[in-house]
Amino acid sequence: TLFRSISEQFPYPEFNDDFNTDKQNWPVFNDENNFFVIQNGEYILNRKDNTTQYAALTEWDNKLESFDIKARVKLMKAKDDNCNIGIIIMAKAKGDGFVIEINRNLQYRVKQLVGPGYKYISGNGSNFGWVKSSDIKPVGQYNTIEVKCLNKNYDVFINGIYKISFDEKNYTYGRMGFIIGPNTNGVADYFYVYSNKNVAINIKPVATSSIDTATDVVS
């Protein structure tokens with residue numbers, strides 16, 4: 001864990017979705033395991049499966065190596081301590097990526113996707129990476145998750161309050177989206193991505209994909 005490491009400004013909007021219309025940026029479907037729909041300015045994420053998380057990745061093809069992501073999410077129904085909601089960044093098909101999530105117990109967690117499992121960046125193995133935070137709002141209220149990335153260093157903020165830093169030199173860029181826990185009902189209000197350079201990225205659709213995650217790996 002590092003001290004807060006990024007003072008860079010990210011003034012240029014590259015991808016902004018506030019769900020006022022369905023821009024076909026996100027998976028929308030209803031099956032036996034998930035119900036995802038965009039309506040009334042929100043992205044509704046209901047995970048019916050009670051064993052695994054699900055990552056709903058944006059269709060936007062991210063090519064930013066440095067960025068500032070801000071996403072606003074809330075838990076609507078969280079029946080047990082396995083229920084959570086958050087964001088996933090730097091996602092790759094082979095199993096790379098980071099997850100920043102919150103739960104009903106006013107805790108946050110940062111973990112790294114490693115193949116079919118995870119290793120914890122926050123907390124420790126005995127508490128499955130969860131860290132209590134008085135800055136997290138309870139079920140039914142929105143929380144803002146922000147991640148700044150510069151030179152492969154990452155700073156994490158929740159509701160504008162700095163929480164943790166980490167680095168990962170092997171990642172260049174990856175896909176982004178929301179993650180919803182097992183047996184969890186959640187809602188997203190927006191997903192914004194900013195850059196530190198006006199790079200005029202060519203935005204193009206890519207195939208919708210998802211990640212089912214099951215096993216936590218203790219680092």
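Only a predicted model underlies this, so the values are computations on that prediction, with no experimental measurement involved. (Residues numbered from 1 in each chain as written. Predicted model: local features only at pLDDT ≥ 70, side-chain atom pairs only at ≥ 80, totals over all residues. Heavy atoms only, no water.)

Colleague: How should the pattern of salt bridges be read in this particular structure?
Modeller: Between side chains of opposite charge, a pair can form as their charged atoms come close. A complete count under the given rule lists seven salt bridges for this structure. The salt bridge partner of Asp49 is Arg47, with a shortest N-O separation of 3.9 Å. Neither residue differs from the other here; Asp49 and Arg47 are each classed as buried. With its nearest N and O atoms 2.4 Å apart, the salt bridge here joins Lys163 to Asp135. Here Lys163 is found in strand β14 (residues 161-167), whereas its partner Asp135 is found in the loop between β11 (131-132) and β12 (143-150), with 28 residues between them in sequence. The network of salt bridges with shared partners includes Glu101, Arg109 and Lys111. (Salt bridge = Lys/Arg side-chain N within 4 Å of Asp/Glu carboxyl O. Buried < 20%, exposed > 50% of the residue type's maximum accessible area, 1.4 Å probe, protein only. Helix = DSSP H or I, 4+ residues; strand = E, 2+ residues; numbered from the N terminus.)

Colleague: Hey, could you run me through the nonpolar core in this one?
Modeller: Where a protein is soluble and globular, its nonpolar side chains tend to be buried together. If you look at the biggest cluster of nonpolar residues, it comprises 43 residues, and the most contacted ones within it are Tyr43, Phe67, Ile87, Ile89, Tyr154, Phe178 and Phe191. Considering every element that reaches this core, the biggest residue donor is strand β6 (residues 67-78), with six residues. Residue contacts for Ile87: discarding those within four places in its chain leaves Ile69, Ala71, Phe98, Val99, Ile100, Ile145, Val147, Gly177, Phe178, Ile179 and Phe191. Judged by nonpolar contacts, the second largest core, of eight residues, contains Leu57, Ile88, Leu113 and Tyr118. (Core = buried A, V, L, I, M, F, W, Y, C linked by side-chain atoms within 4.5 Å. Contact = heavy atoms within 4.5 Å.)

Colleague: Would you explain the confidence of the model for the protein in this entry?
Modeller: If pLDDT is low for a region, its predicted coordinates should not be looked at in detail. On average, the protein scores 89 in pLDDT, and the residues at 70 or more come to 89%. No element of the protein has a lower mean pLDDT than strand β17 (residues 210-213), which averages 48, and none a higher one than strand β8 (residues 98-103), which averages 98. Residue range residues 201-219 is modelled with pLDDT below 50. Its contacts to residues more than four positions away, or to other chains, number 52 contacts. (pLDDT = per-residue confidence, 0-100.)

Colleague: I tried to follow the packing of aromatic side chains on my own but got confused; where do I start?
Modeller: Any aromatic ring pair is given by two values, namely how distant the centres are and how the planes are angled relative to each other. In this structure the tally under the stated criterion is 22 aromatic pairs. Centre to centre, the rings of Phe19 and Phe178 are 6.2 Å apart; their planes meet at 45°, and the pair counts as tilted. On the criterion of sequence distance, the pair formed by Phe19 in the loop between β1 (12-17) and β2 (29-30) and Phe178 in strand β15 (residues 175-180) is long-range, its members being 159 residues apart. When the ring centre of Tyr118 is taken as origin, the NZ or CZ atom of Lys111, which lies over that ring, is 3.9 Å away. (Phe/Tyr/Trp six-rings, centres within 6.5 Å; stacked < 30°, edge-to-face > 60°. Lys NZ or Arg CZ within 6 Å of the ring centre and 35° of its normal.)

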